[in-house]
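# Survey of secondary and tertiary structure
Chain by chain, the residues run as shown.
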Amino acid sequence: MIKVVLAGIGGFIGASFRYMISNIISKHISSSLPLGTLCVNIIGGFFIGFILEGSMKLWSLSPDMRIFLVTGILGGLTTFSAFSYETVELFSKGSYFLGMSNAALNLILSLASVWIGKLVVQGIG
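Residues numbered from 1 in each chain as written. Predicted model: local features only at pLDDT ≥ 70, side-chain atom pairs only at ≥ 80, totals over all residues. Heavy atoms only, no water.

Attention shifts here to the overall build of the chain. From N to C terminus, the chain includes 5 helices and 0 strands. Along the chain, helices and strands appear, N-terminal first, in the series α-α-α-α-α. Counting every position in the chain, which comprises 125 residues, the buried fraction comes to 24%. In the chain, the share of contacts with a sequence separation of at least 24, taken over all contacts with a separation of at least 6, comes to 58%. A total of about 8600 Å² of accessible surface is found on the chain, and carbon and sulfur atoms cover 74% of it. Side-chain charges of the chain comprise 7 positive and 4 negative groups, with the mean position of each set lying 10 Å from the other. (Helix = DSSP H or I, 4+ residues; strand = E, 2+ residues; numbered from the N terminus. Buried < 20%, exposed > 50% of the residue type's maximum accessible area, 1.4 Å probe, protein only. Contact = heavy atoms within 4.5 Å. Areas by Shrake-Rupley, 256 points an atom, 1.4 Å probe, with all protein chains shown as cover. Lys, Arg positive; Asp, Glu negative; His and termini not counted. Charge placed at Lys NZ, Arg CZ, Asp CG, Glu CD.)

A few words on the UniProt feature "binding site: Na(+)" (unreviewed entry) in the chain. Taking the UniProt record as the reference, the feature "binding site: Na(+)" (unreviewed entry) is found at G75 and T78. The residue G75 is located in helix α3 (residues 63–77) in this model. Structurally, T78 can be placed in the loop between α3 and α4 (80–92). Residue T78 is classed as buried on the basis of its relative accessible area, which comes to 5%. (UniProt positions renumbered as here; feature names shortened; annotations may be inferred.)

Here is the structure:
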């Protein structure tokens, strides 16, 4: 149960950061692109790579702290960070076909899911 609480607290923190960062960026930079989302995805990707790689090579990270930081905070900030890390890991291991497949499937299926969700709501309303 403690792992669920750690993930939940971390998720709250990450989601709060996502909201604040997105608002700050949208107030200061006018763009047709969702730059706030892009920024949190880039930040999350950097930190998941940094934390997971660092915890394997530079320092020890307890399983509870990993859940709090990676699943909680970074998961709340962006789930794109996990996808990015996993895809880079596949490429790093020489699994280029799997890396490309993972990237293509995540992109295509995620976009398709958003589109289908929009169509369902449009069909209801």
